[in-house]
Amino acid sequence: MKNLGNLMKQASQMQAKMAEMQAKMQEIEVTGSAGAGMLQVTLNGKFEMKKVKIDKSLVDPNDVEVLEDLLLAAFNDAKGKAETLMAEEMANLTGGLSLPEGFKLPF
């Protein structure tokens, strides 16, 4: 039963570290860009959009599709950066232990 006690202690420590990491990830901000940096989107670790910066030269009422495409590309760039950062933090937390494919954490 000593091993079970150790396992429960480790699980509790991991849970505390996970909560700490989740709080830390909510605080981070990652910026993605498109159009040579003319459009930037900033997300937090929960993928909530915090800021959008659009160069005035991109605003053309007759060509809204370009602006829409750039916005989408910048968001996806920021999301990819945030996911990479979270994966790195998770690897640090788990000591490099890889989680099963498709395993999602509650962010």
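About the criteria used
- Residues numbered from 1 in each chain as written.
- Predicted model: local features only at pLDDT ≥ 70, side-chain atom pairs only at ≥ 80, totals over all residues.
- Heavy atoms only, no water.
- UniProt positions renumbered as here; feature names shortened; annotations may be inferred.
- Core = buried A, V, L, I, M, F, W, Y, C linked by side-chain atoms within 4.5 Å.
- Buried < 20%, exposed > 50% of the residue type's maximum accessible area, 1.4 Å probe, protein only.
- Helix = DSSP H or I, 4+ residues; strand = E, 2+ residues; numbered from the N terminus.
- Contact = heavy atoms within 4.5 Å.
- Phe/Tyr/Trp six-rings, centres within 6.5 Å; stacked < 30°, edge-to-face > 60°.
- Lys NZ or Arg CZ within 6 Å of the ring centre and 35° of its normal.
- Patch = residues over 30% accessible without salt bridge, like charges linked within 9 Å, V, L, I, M, F, W, Y side chains within 5 Å.
- Areas by Shrake-Rupley, 256 points an atom, 1.4 Å probe, with all protein chains shown as cover.
- Salt bridge = Lys/Arg side-chain N within 4 Å of Asp/Glu carboxyl O.
- Lys, Arg positive; Asp, Glu negative; His and termini not counted.
- Charge placed at Lys NZ, Arg CZ, Asp CG, Glu CD.
- Pairing = 2+ DSSP bridges.
- Axes fitted to C-alpha atoms, helices over the stretch in contact; angles between N-to-C directions.

- Per an unreviewed UniProt entry, the protein goes by the name Nucleoid-associated protein CU669_10805 and belongs to Paramagnetospirillum kuznetsovii.
- Word for word, the UniProt comment on the protein under Subunit (unreviewed entry) is "Homodimer."

1. Comments concerning the nonpolar core
No. 1: Counting residues in each nonpolar core, the largest one holds 9 residues, listed as Met-18, Met-21, Met-25, Ile-28, Val-30, Ala-82, Met-86, Met-90 and Leu-93.
No. 2: Of all the secondary-structure elements, those providing two or more residues to this core are helix H1 (2–27) and helix H2 (64–94).
No. 3: A per-element tally of this core places H2 first, with 4 residues.
No. 4: Ignoring any residue separated from it by four or fewer positions in sequence, one finds Ile-28 in contact with Leu-43, Asn-44, Gly-45 and Leu-85.

2. Some thoughts on the packing of aromatic side chains
No. 1: A complete count under the given rule lists 0 aromatic pairs for this structure.
No. 2: Geometry around Phe-47 places Lys-79 over its ring, the cationic atom sitting 5.6 Å from the centre.

3. Concerning the UniProt feature "coiled-coil region" (unreviewed entry) in the protein
No. 1: The UniProt entry lists residues 4–31 under the feature "coiled-coil region" (unreviewed entry), expressed in the numbering used here.
No. 2: Regarding residues 4–31, the helix share stands at 86% and the strand share at 11%, and the terminal C-alpha atoms are separated by 44 Å.

4. Remarks on a negative patch on the surface
No. 1: Taken together, the side chains of Asp-60, Asp-63, Glu-65, Glu-68 and Asp-69 present a region of like negative charge at the surface.
No. 2: Along the chain, Asp-60 turns up in the loop between strand S3 (49–54) and H2.
No. 3: The partly exposed category is assigned to Asp-60, whose relative accessible area is 36%.

5. Here we look at the sheet that holds strand S1 (residues 29–34)
Hydrogen bonds between backbone atoms are what pair the strands of a sheet, whose relative direction is either parallel or antiparallel.
No. 1: In spatial order, the strands read S1-S2-S3; together these 3 strands make up an open sheet with antiparallel pairing. Whereas interior strands pair on both sides, the edge strands pair on one side only; in this sheet they are S1 and S3. Taken pair by pair, the neighbouring strands of this sheet meet at an average axis angle of 15 degrees, ignoring direction.
No. 2: The sheet contact formed by strand S2 (residues 39–44) and S3 spans 5 bridges and is antiparallel. The partner of Leu-39 across the bridge, within S3, is Ile-54.
No. 3: Here H2 sits on the sheet and contacts S1, S2 and S3; the angle it forms with S1, its principal contact strand, is near 145 degrees.

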